[in-house]
Amino acid sequence: MRIILLGAPGSGKGTQARLIQDHFGIPQISTGDIFRKAIADGTPLGAEVEKYVSGGALVPDSLTIRLVRERLSHEDVRRGFVLDGFPRTIPQAKGIEEILAELGWELDAVVNIRVSEEVLVSRLALRRTCPACGMMYHMENRPPVSEGECDECKTALEVRADDSEDTVRKRLGVYLSQTTPLVEYFERTSRLVNIDGAGRVEEIFDNIRLELEERARGPGTSIDDKA
Ligand code: AMP
């Protein structure tokens, strides 16, 4: 199953990508995670992208597309993948279509998680992230079991550097201007699935899972056909 996840910062995209990864057994590919890791590890890629990421701006398309092309050449994506945070611009959308065409693969779905701007700002302000494993928490809706500590790996949780209020507003502005046109772009290809991103994580995931399972069964089939 090959999936693209669209959604503003704070829409719950990363959390849902992880649930899709675990349920369908396909790797989550988050360009944001790859960039943050490169910065933390002090690699040449990290040095190149640091100024964009810390300022809430987008990393240039050519570099980002190259990175995804390289990632999709790995063995673990043969059974599928869930792209989280890529594409974010029309050139990136064209880039992924080109890469998939070269590989002879098709997308199964583009899942668009929709959340109001008010909810996004509040979610990002209350978000805490594990710098080691990337797990995300929300101090009200999904707090860690032990305060300030990751449930999975016990690392001290952090506020992501680009979750400060100014940068959050910048990131939301970038999302609205650059990424919203992608929804229209993918609408034309008829693989777009709109999902209401307000509500409980589990409910949202159930809605995504049902849509994806329906797509996996293919057009013209219903649950009764498979019974
Ligand atoms: P995210 O974790 O997806 O919110 O991404 C964090 C930051 O990484 C973004 O604000 C951008 O600076 C950078 N980034 C992640 N994905 C992309 C992308 N597809 N294109 C350009 N920049 C990206």
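Asker: I tried to follow the sheet that holds strand S2 (residues 28–30) on my own but got confused; where do I start?
Answerer: Strand pairs in the sheet, formed through backbone hydrogen bonds, run parallel or antiparallel to each other. Ordered by their spatial adjacency, five strands build an open sheet running S2-S3-S1-S4-S7, and the pairing between neighbours is parallel. Only two strands of the sheet have a single neighbouring strand rather than two, namely S2 and strand S7 (192–196). Taking each pair of neighbouring strands and ignoring which way they run, the sheet shows an average axis angle of 25 degrees. Across five bridges, strand S4 (residues 109–114) lies against S7 in parallel orientation. By the bridge assignment, valine 110 is partnered in S7 with leucine 192. Packed on one face of the sheet, helix H1 (residues 13–24) meets strand S1 (2–7), S2, strand S3 (81–84) and S4 and runs near 160 degrees to S1. Most of the contacts of helix H7 (residues 165–187) go to S1, to which it runs at about 140 degrees, and overall it touches S1, S4 and S7.

Asker: Is there a simple way to think about the nonpolar core in this case?
Answerer: It is characteristic of soluble globular proteins that their nonpolar side chains tend to be buried jointly. The biggest cluster of nonpolar side chains holds 24 residues, and the ones touching the most others in it are Ile3, Ile20, Val111, Ile208 and Leu212. Element by element, the count of residues in this core is highest for helix H8 (residues 201–217), at four residues. Membership of the second largest hydrophobic core comes to 22 residues, among which are Ile4, Phe81, Ile99 and Leu107.

Asker: Is there a simple way to explain the environment of glutamate 213 in this structure?
Answerer: Tracing the backbone shows glutamate 213 in helix H8. As a C-alpha pair, glutamate 213 and glycine 199 span 14 residues in sequence and 21 Å in three-dimensional space. Within the local environment of glutamate 213, its side chain forms a polar contact with the side chain of histidine 23, the two groups lying 3.5 Å apart.

Asker: Just to check I follow, could you spell out H1 for this structure?
Answerer: Note: α-helices contain 3.6 residues per turn, so residues at a spacing of three or four share the same orientation. In this model, H1 (twelve residues) spans 16 Å end to end at C-alpha, consistent with the 16 Å of a helix rising 1.5 Å per residue. Burial in H1 covers these residues: Lys13, Gly14, Thr15, Gln16, Ala17, Arg18, Ile20 and Phe24. The inward-facing, buried residues of H1 contact S1, S2, S3, S4, strand S6 (136–138) and H8.

Asker: Would you explain the site of the ligand in this entry?
Answerer: As a matter of local geometry, the ligand sits amid 17 residues, with Thr31, Arg36, Ala57, Gly85 and Gln92 nearest to it. At a separation of 3.5 Å, an oxygen atom of the ligand approaches a polar side-chain atom of arginine 171. Bound to the protein, the ligand loses 96% of the 480 Å² it would expose on its own. Residue assignment for the shell around the ligand shows that the elements contributing at least two residues are helix H2 (31–41) and helix H3 (44–55).

Asker: Sorry if this is basic, but what is going on with the state of the cysteines here?
Answerer: One way to say it: the disulfide is the covalent bond shared by the sulfur atoms of two cysteines. With the rule as written, the count across this model stands at zero disulfides. The thiol of cysteine 130 is unpaired, and the distance to the nearest cysteine sulfur, on cysteine 153, comes to 3.5 Å. Classification of cysteine 130 as buried rests on a relative accessible area of 2%. Among the cysteines around cysteine 133, which has no disulfide bond, cysteine 150 carries the closest sulfur, lying 3.7 Å off. Residue class for cysteine 133 comes out partly exposed when judged on its relative accessible area of 29%.

About the thresholds
- Residues numbered from 1 in each chain as written.
- Predicted model: local features only at pLDDT ≥ 70, side-chain atom pairs only at ≥ 80, totals over all residues.
- Heavy atoms only, no water.
- Pairing = 2+ DSSP bridges.
- Helix = DSSP H or I, 4+ residues; strand = E, 2+ residues; numbered from the N terminus.
- Axes fitted to C-alpha atoms, helices over the stretch in contact; angles between N-to-C directions.
- Contact = heavy atoms within 4.5 Å.
- Core = buried A, V, L, I, M, F, W, Y, C linked by side-chain atoms within 4.5 Å.
- Buried < 20%, exposed > 50% of the residue type's maximum accessible area, 1.4 Å probe, protein only.
- Polar contact = N/O pair within 3.5 Å; in protein donor to acceptor, adjacent residues only side chain to side chain.
- Expected span 1.5 Å × (residues − 1).
- Near = heavy atom within 4 Å.
- Areas by Shrake-Rupley, 256 points an atom, 1.4 Å probe, with all protein chains shown as cover.
- Disulfide = S-S within 2.5 Å.

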